[in-house]
Amino acid sequence: MASEAEIRLRERLSRLRGMKLLRGTKLSGELGRLQEQLERLQAEPTEEEIWRSVELARHQDRPYTLDYVERILDDFFELHGDRGRADDHAIVSGLGKLDGRTVVLVGHQKGRDLKERTSRNFGMAFPEGYRKAIRAMSLADRHGFPLITLVDTPGAYPGVAAEQHGQGGAIARSQAAMARLSVPTVSCIIGEGGSGGAVAIAVADLVLMQENSIYSVISPEGCAAILWRDAGEARKAAAAFKPDAAHCLELGVIDAIVSEPEEGAHTDPDEAARLLKEALIAALVEINGLDPDERRRQRRAKYRRMGVLTGGDTA
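Source: prediction; values computed, not measured.

Peer 1: Sorry, what's going on with the nonpolar core here?
Peer 2: Side chains that are nonpolar tend, in soluble globular proteins, to be buried together. Core analysis: the largest hydrophobic core is formed by 38 residues, its most contacted members being Tyr130, Met137, Tyr215 and Ile254. Looking at this core, the elements with two or more residues in it are β2 (91-98), β3 (101-108), α6 (127-143), β4 (147-153), α8 (167-180), β6 (206-210) and α12 (245-251). The greatest single-element share of this core, amounting to 6 residues, is contributed by α6. Leu98, Ala256, Ala279 and Val285 belong to the second-largest nonpolar core, a separate cluster that totals 28 residues.

Okay, here's the thing in structure tokens:
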């Protein structure tokens, strides 16, 4: 019997095959990748494969948001500050052109060296970062620009200062702002998708994951510290809660997997960017024609369904 993930993928394949090509966009690559994803679901990833995804998601040479911006967007103009307190460098936002169409982009940004990592707080945003993201979302909605978000964070910054500035409320307001948007929204997990810091900018119409990214409510180390009182059991924890793309697709928390170069995105950033760009364009084409009210209704229904228990799920 086909799983829900297989059924959803088959439905997406059917819709894409029936679509007319828009502005010369070629959907054959996306069709092929969706077919590959169906095949992946038949083979259960091993513990080693799951941990490999964790390692590749965290690889120090993996492309970050600005690496992709440079390769997939034209005329990018970065926006700074939350118009209230500060400019959080862990969050990047701005406007650019994707395949000739103006879009607003929001993404986490880690650093390459110690100085930049410190400046960007290792991609862990303060409330100011999420307020900057909300500012960009508002701009997109006001002008009718699609919103793209690239997620890559271990989580929102958990320090005392962030809590004093209203971290929990900022994350909640960011999620609510995305849920209310009338424009098309697409998110992609490009590395680590950790906890509320990730979900804050991932309440999108379509959520994608790069093949070797991870998406979870807690890090493997954090989970291991809670369950086994030993962060060294992270590999065992990852195998238990399965944060890899294949399992996230099967659970229904994402809509599609974006292929990467064979040994990981870090081995060929240009090819990784090409594959990501194709996936983002295809995703926007898929959701572009929806009425704004219907788009909001479907988006809210999608997230309300997640985690709902049915009679067969209870003990």
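Peer 1: Would you mind going over unusual backbone geometry with me for this structure?
Peer 2: Leaving glycine out, the prevailing phi sign among residues is negative, and the prevailing peptide bond configuration is trans. Positive phi outside glycine occurs at Asn121, with the angle close to 55°. Positive phi, normally seen in glycine, also occurs at Arg229, with a value near 55°. Mapped onto the elements of the fold, Arg229 is located in the loop between α10 (220-227) and α11 (234-241).

Peer 1: For this particular structure, what's the right way to read the confidence of the model for the protein chain?
Peer 2: Predicted coordinates in areas of low pLDDT are best not read in detail. Confidence in the prediction of the protein chain, expressed as mean pLDDT, is 85, and 83% of residues score 70 or more. Below pLDDT 50 for its whole length, residues 20-26 participates in 6 contacts with residues either more than four positions away or in separate chains.

Peer 1: Looking at this structure, how should I read the packing of aromatic side chains?
Peer 2: Two numbers describe a pair of aromatic rings. These are the distance of the centres and the angle of the planes. With the rule as written, the count across this model stands at 0 aromatic pairs. The aromatic ring of Tyr64 is capped on one face by Arg112, whose charged end is 3.9 Å from the ring centroid.

Peer 1: Explanation requested: the environment of Leu206 in the structure shown.
Peer 2: Tracing the backbone through its elements, the reader meets Leu206 in strand β6. For Leu206, a relative accessible area of 7% corresponds to the buried category. Between the C-alpha atoms of Leu206 and Thr185, which are 21 residues apart in sequence, the distance is 6.8 Å.

Cut-offs used in this document
Residues numbered from 1 in each chain as written. Predicted model: local features only at pLDDT ≥ 70, side-chain atom pairs only at ≥ 80, totals over all residues. Heavy atoms only, no water. Core = buried A, V, L, I, M, F, W, Y, C linked by side-chain atoms within 4.5 Å. Buried < 20%, exposed > 50% of the residue type's maximum accessible area, 1.4 Å probe, protein only. Helix = DSSP H or I, 4+ residues; strand = E, 2+ residues; numbered from the N terminus. pLDDT = per-residue confidence, 0-100. Contact = heavy atoms within 4.5 Å. Phe/Tyr/Trp six-rings, centres within 6.5 Å; stacked < 30°, edge-to-face > 60°. Lys NZ or Arg CZ within 6 Å of the ring centre and 35° of its normal.

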